[in-house]
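As a plain string of letters, each chain reads:
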Amino acid sequence: MTVNTDTATRERSRVALVTCAELPDLDPDDRLLIEPLRALGVEVTPVAWDAAGVDWASFGLVVLRSPWDYTSRRDEFVAWAARVPGLANPADIVRWNTDKRYLGELAAAGVPVVPTVWATDDTWTPPAGEAYVIKPAVGAGSLDTGRYRLGDPDEAKLAREHAARLVAAGRTVMIQPYLSAVDTYGETALLYLPDESGKLAFSHAIRKGAMLDGPDTGTTGLYKEETIKPRVPIDAELAVGAQALAAIPGGPDQLLYARVDVIPGEDGSPLLVELELTEPSLFLATAEGAAGRLAAAIATRTPARS
Ligand SMILES: Nc1ncnc2c1ncn2[C@@H]1O[C@H](COP(=O)(O)OP(=O)(O)O)[C@@H](O)[C@H]1O
Ligand SMILES: [Mg+2]
């Protein structure tokens, strides 16, 4: 990678911030990158990943941000990623990370992951506990995700129907115990960005309120509304974050950003729910200086146009 430090070179550098057709002007949080990038002499263009006729090679760096409509076209998205030069995060990571079966690999590597049953047909049984979650292995934005009370026959029927819908659409189904601590303590998202030396380091964290109030209702759109607040993570959460990052194929040094989402399990210790390396919301607005630091890292990694 060409590392680009002098301003004169940067003035000729171009960055694409990758979004989807529904968000042509990006998500408001990612718009916070535009001014600091321009101040560093970088020309910034939001581009939908599936826009026609884009010369991706004309950008020094192509940064994935809000291509959130890929979940129904994941194969197309992964193939697109493999064709784009200078993609951040890299295409191999995108392929690995857009199917939550990576959680099985991380569990096998010793990372504490929420216990998960994987189903491709209707032979699954719900886990013990008060309630359980059904969601697709390829999904985002809390869509196609539902919470079902164990022992409620009506909800058992809805759960079977939900899983059957996913299976019929060729999707792998994930069945997990509902981690009820999310209703009180919430979910913690740990955000990692490059530090001054360019190495990925913990940057900030947020609390996300519970997202599931019952069976899947087939909500459409790109994502469900979230309640976000800044949070200071506890050491046990940071430890799970470090373990998850260390277990990424190829290691964390190839990444421009990472997000680790954890919820306390039954004994209170954090369990990994998701490792977001593809298109995580980074919640830049919640942390002083975060947008500026990410912009600086992007500028540093952007080779000039040839
Ligand atoms: N096992 C679980 N226990 C409690 N809540 C869950 C569980 N799995 C998912 N959720 C809730 O659903 C949301 C979306 O699920 P997640 O696995 O993060 O998928 P995505 O964010 O990719 O749609 C989470 O933010 C969380 O609020
Ligand atoms: Mg999530």
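Residues numbered from 1 in each chain as written. Chains lettered and ligands numbered in written order. Predicted model: local features only at pLDDT ≥ 70, side-chain atom pairs only at ≥ 80, totals over all residues. Heavy atoms only, no water.

### Structural notes on the overall build of the chain
Next up, step 1: Along its length, the chain carries nine helices and 13 strands.
Next up, step 2: What you see for the chain is a C-alpha radius of gyration of 20 Å, in line with the 19 Å of a compact globule of 306 residues.
Next up, step 3: With the principal axes as the frame, the chain shows a C-alpha extent of 65 × 45 × 30 Å.
Next up, step 4: For the chain, the proportion of its 306 residues judged to be buried stands at 52%.
Next up, step 5: Sequence separation of at least 24 residues holds for 70% of the intrachain contacts in the chain that already meet a minimum separation of 6.
Next up, step 6: If you sum the accessible surface of the chain, you get close to 13600 Å²; carbon and sulfur atoms cover 52% of it.
Next up, step 7: Considering the chain, the positive charge centre built from 29 side chains and the negative charge centre built from 43 side chains are found 2 Å apart. (Helix = DSSP H or I, 4+ residues; strand = E, 2+ residues; numbered from the N terminus. Rg over C-alpha atoms; globule rule 2.2 N^0.38 Å. Buried < 20%, exposed > 50% of the residue type's maximum accessible area, 1.4 Å probe, protein only. Contact = heavy atoms within 4.5 Å. Areas by Shrake-Rupley, 256 points an atom, 1.4 Å probe, with all protein chains shown as cover. Lys, Arg positive; Asp, Glu negative; His and termini not counted. Charge placed at Lys NZ, Arg CZ, Asp CG, Glu CD.)

### A word on the pairing of strand β9 (residues 187-194)
Next up, step 1: Summarising burial for β9: eight of the eight residues are buried, a large majority.
Next up, step 2: Note: β9 against strand β10 (residues 200-208), eight bridges, orientation antiparallel. Bridge assignment links Pro194 to a residue of β10, and that residue is Leu200.
Next up, step 3: The turn joining β9 and β10, which pair antiparallel and follow one another in sequence, is formed by five residues; a positive phi near 90° is taken by Gly198.
Next up, step 4: In the sheet, β9 pairs with strand β12 (residues 258-264) via five bridges, with the strands oriented antiparallel. From the neighbouring strand, Ala189 faces β12, where its bridge partner is Asp261. (Pairing = 2+ DSSP bridges.)

### Comments concerning the domain arrangement of the chain
Next up, step 1: According to the domain assignment, the chain contains domain 1 (7-98 + 294-301), domain 2 (102-111 + 180-281) and domain 3 (117-177).
Next up, step 2: A separation of 22 Å is found between the C-alpha centroids of domain 1 and domain 2.
Next up, step 3: Tallying the contact residues gives 24 residues for domain 1 and 21 residues for domain 2.
Next up, step 4: Of the roughly 2100 Å² buried between domain 1 and domain 2 on both sides combined, carbon and sulfur atoms contribute 61%. (Domains from an automatic or database assignment. Buried area = accessible area lost by both parts, 1.4 Å probe.)

### With respect to the site of ligand 1
Next up, step 1: In the region of ligand 1, 18 residues are neighbours, and Lys100, Lys135, Ser142, Glu187 and Glu274 sit closest.
Next up, step 2: A distance of 3.3 Å separates an oxygen atom of ligand 1 from a polar atom in the backbone of Gly139.
Next up, step 3: Within the side chain of Gln176, one N or O atom sits 3.0 Å away from a nitrogen atom of ligand 1.
Next up, step 4: Protein burial of ligand 1: of its 540 Å² of free accessible surface, 98% is covered by the chains. (Near = heavy atom within 4 Å. Polar contact = N/O pair within 3.5 Å; in protein donor to acceptor, adjacent residues only side chain to side chain.)

### Overview of the packing of aromatic side chains
Next up, step 1: Scanning the entire structure with this criterion turns up 11 aromatic pairs.
Next up, step 2: Taking 6.0 Å as the distance between ring centres and 65° as the angle between the ring planes, the aromatic pair formed by Trp49 and Trp80 counts as edge-to-face. Taken together, the residues span a long stretch of sequence, with Trp49 in the loop between β2 (43-48) and β3 (61-64) and Trp80 in helix α4 (residues 74-83) at a distance of 31 residues. For the residue pair Trp49 and Trp80, the accessibility class agrees, reading buried in each case.
Next up, step 3: Judged by centre distance (5.9 Å) and plane angle (75°), the rings of Tyr192 and Phe202 are edge-to-face. Highlighted residues: Tyr192 in strand β9 and Phe202 in strand β10, separated in sequence by 10 residues. (Phe/Tyr/Trp six-rings, centres within 6.5 Å; stacked < 30°, edge-to-face > 60°.)

### As for the environment of Gly129
Next up, step 1: Note that Gly129 resides in the loop between β5 (117-119) and β6 (131-136).
Next up, step 2: The spatial distance from the C-alpha of Gly129 to the C-alpha of Gln176 is 10.0 Å, given a sequence separation of 47 residues.

### Focus on the pairing of strand β8 (residues 173-177)
Next up, step 1: Within β8, five of the five residues are buried, which leaves the element mostly enclosed by the surrounding structure.
Next up, step 2: The alternating pattern of β8 places Val173, Ile175 and Pro177 and Met174 and Gln176 on opposite faces, both of which are buried.
Next up, step 3: Bridge analysis of β5 against β8 gives three bridges, and the strand direction is antiparallel. The residue of β8 that forms the bridge with Trp118 is Met174.
Next up, step 4: When β6 meets β8, the two strands line up antiparallel, connected through five bridges. Its bridge partner lying in β8, Tyr132 is registered against Pro177.

### Remarks on the nonpolar core
Next up, step 1: Within the largest apolar cluster, 44 residues are counted, with the highest numbers of intra-cluster contacts made by Trp56, Trp80 and Ile298.
Next up, step 2: Ranked by the residues each element gives to this core, the list is headed by helix α9 (residues 290-301), at seven residues.
Next up, step 3: If we ignore the near neighbours within four places in the chain, the residues touching Trp56 are Ala16, Val18, Val47, Ala48, Trp49, Val62, Trp80, Val84 and Pro85.
Next up, step 4: Counting 35 residues, the second-largest nonpolar core is a separate cluster that includes Val182, Val240, Ala258 and Val260. (Core = buried A, V, L, I, M, F, W, Y, C linked by side-chain atoms within 4.5 Å.)

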